[in-house]
Amino acid sequence: MEIQEINHNLKETRDELLGILKGLNRNQLYMKKDSDSWSIGQICQHLIKTEELFVVAIKKGLKSNEDSFIEKKPLEFLLNRSKKIIAPDIAKPTDEDIEYNVIEEKLKNSREKLYEILNTIEDPSVLSRRHFIHPVFKEMLLIEWVKTLYLHEQRHIKQINEIVRLLHD
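One structure accompanies this document, and this report is about it. Remember, predicted model here, so these are calculated numbers, not experimental data.

## Some details on the overall build of the protein
- A count of helical and extended segments in the protein gives five helices and two strands.
- Listing every helix and strand of the protein by position from the N terminus yields α-α-α-α-β-β-α.
- Against the 2.2 N^0.38 benchmark of 15 Å for 169 residues, the protein shows a C-alpha radius of gyration of 16 Å, consistent with a compact globule.
- Along the three orthogonal principal directions, the C-alpha set of the protein runs to about 50 × 30 × 25 Å.
- Within the protein, counting contacts between residues at least 6 apart in sequence, those at least 24 apart form 82% of the total.
- Counting only carbon and sulfur atoms, one obtains 52% of the accessible surface of the protein, whose full area is about 9,600 Å².
- Side chains of the protein give 27 positive and 29 negative charges; the mean places of these two sets differ by 3 Å.

Set out below in structure tokens:
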């Protein structure tokens, strides 16, 4: 049941993101709230990089044959945008302006890679029994890595919506 719910949330969140992006032109994609913030295009780059990195981490965690006995972490804090979380350098976007269709394609590809892994798992409960070290949150069960993807994306959808509101003011 849990993996079906996660897949549903992954799809819903990605559909919402793509729906927001669809109507934006190049200027809107790369407008920033201020010099210290990311543009919508950069947020998308960050989401793509994060998902690609998570796929690698999940693959590595699945290679382990030992069960993990670590506490589940509360992940809902990710939705609280008042708490700033600094992205690791490896997940930070570049200053390159990438066209919408390239962003859309990369988002599609990163999600396909995630689904490829998830669909090869014969016993989804293994995701709750294996872990991998996250650079910010430390030891995390693989199921939490997958959940974090859509929660992280929802966090950034809130950020994108804030920028979109500025575009319309």
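## A closer look at the pairing of strand 1 (residues 131–134)
- In this sheet, strand 2 (residues 138–141) lies alongside strand 1 in antiparallel orientation, the contact comprising four bridges. The partner of Ile-133 across the bridge, within strand 2, is Glu-139.
- Linking two consecutive strands that pair antiparallel, namely strand 1 and strand 2, is a turn of three residues.

What counts, and at which threshold
Residues numbered from 1 in each chain as written. Predicted model: local features only at pLDDT ≥ 70, side-chain atom pairs only at ≥ 80, totals over all residues. Heavy atoms only, no water. Helix = DSSP H or I, 4+ residues; strand = E, 2+ residues; numbered from the N terminus. Rg over C-alpha atoms; globule rule 2.2 N^0.38 Å. Contact = heavy atoms within 4.5 Å. Areas by Shrake-Rupley, 256 points an atom, 1.4 Å probe, with all protein chains shown as cover. Lys, Arg positive; Asp, Glu negative; His and termini not counted. Charge placed at Lys NZ, Arg CZ, Asp CG, Glu CD. Pairing = 2+ DSSP bridges.

Structural measurements only, silent on function.
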